[in-house]
Amino acid sequence: MSAINTIPEYKDFKEFYLNAVVPLKEQNPTFRRLDGKLVGSTRNVTAYFWYQNKKWRVDADTFIDRLKIAFEEFEKSDEPFKIKHTRDHQGESLLIKGQPIRNKKFNVYRVS
């Protein structure tokens, strides 16, 4: 019998960072991304969190250092993100305020 893996859901970004990202980085100090890989894209979801009454998914290819930057911004302000339409205008993604749009390495999208 195979185990059913459920994707964790957190009440906000801060809870996600403290309960999912920090322990992962402590256990795996060499990881640059949540999935532990160095390159390649994935549609695997690491976790969900809530922001501005919307549910957001964090893709496994998100870089841990970008999550740390977002957490530091969250400590300064309750609104560390900008919401941007995806290229096809079918969804929304989060951007860290003050970070470049290109090569963002922060793959967080609204759950429809």
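Up top is the structure these notes are about.
Residues numbered from 1 in each chain as written. Predicted model: local features only at pLDDT ≥ 70, side-chain atom pairs only at ≥ 80, totals over all residues. Heavy atoms only, no water.

J.: Go over the overall build of the chain with me, naming the residues and quoting the values.
T.: What the chain contains, in helices and strands, is 2 helices and 6 strands. Along the chain direction, N to C, the helices and strands of the chain fall in the order β-α-β-β-α-β-β-β. When its C-alpha atoms are laid out on the principal axes, the chain stretches across 40 × 30 × 30 Å. Relative to its 112 residues, the chain shows a buried fraction of 34%. (Helix = DSSP H or I, 4+ residues; strand = E, 2+ residues; numbered from the N terminus. Buried < 20%, exposed > 50% of the residue type's maximum accessible area, 1.4 Å probe, protein only.)

J.: Provide a residue-level description of the pattern of salt bridges, including the pertinent values.
T.: Two side chains of opposite charge can pair, provided their charged atoms sit close to one another. All told, the structure shown has 8 salt bridges when counted by the stated rule. Linking Asp-35 and Arg-33 is a salt bridge whose minimum nitrogen-to-oxygen distance equals 2.7 Å. Overall, the relative accessible area of 3% leaves Arg-33 in the buried class. A single network of salt bridges, built from pairs that share partners, joins Lys-54, Glu-92 and Arg-110. (Salt bridge = Lys/Arg side-chain N within 4 Å of Asp/Glu carboxyl O.)

Nothing here speaks to function; it is all geometry.
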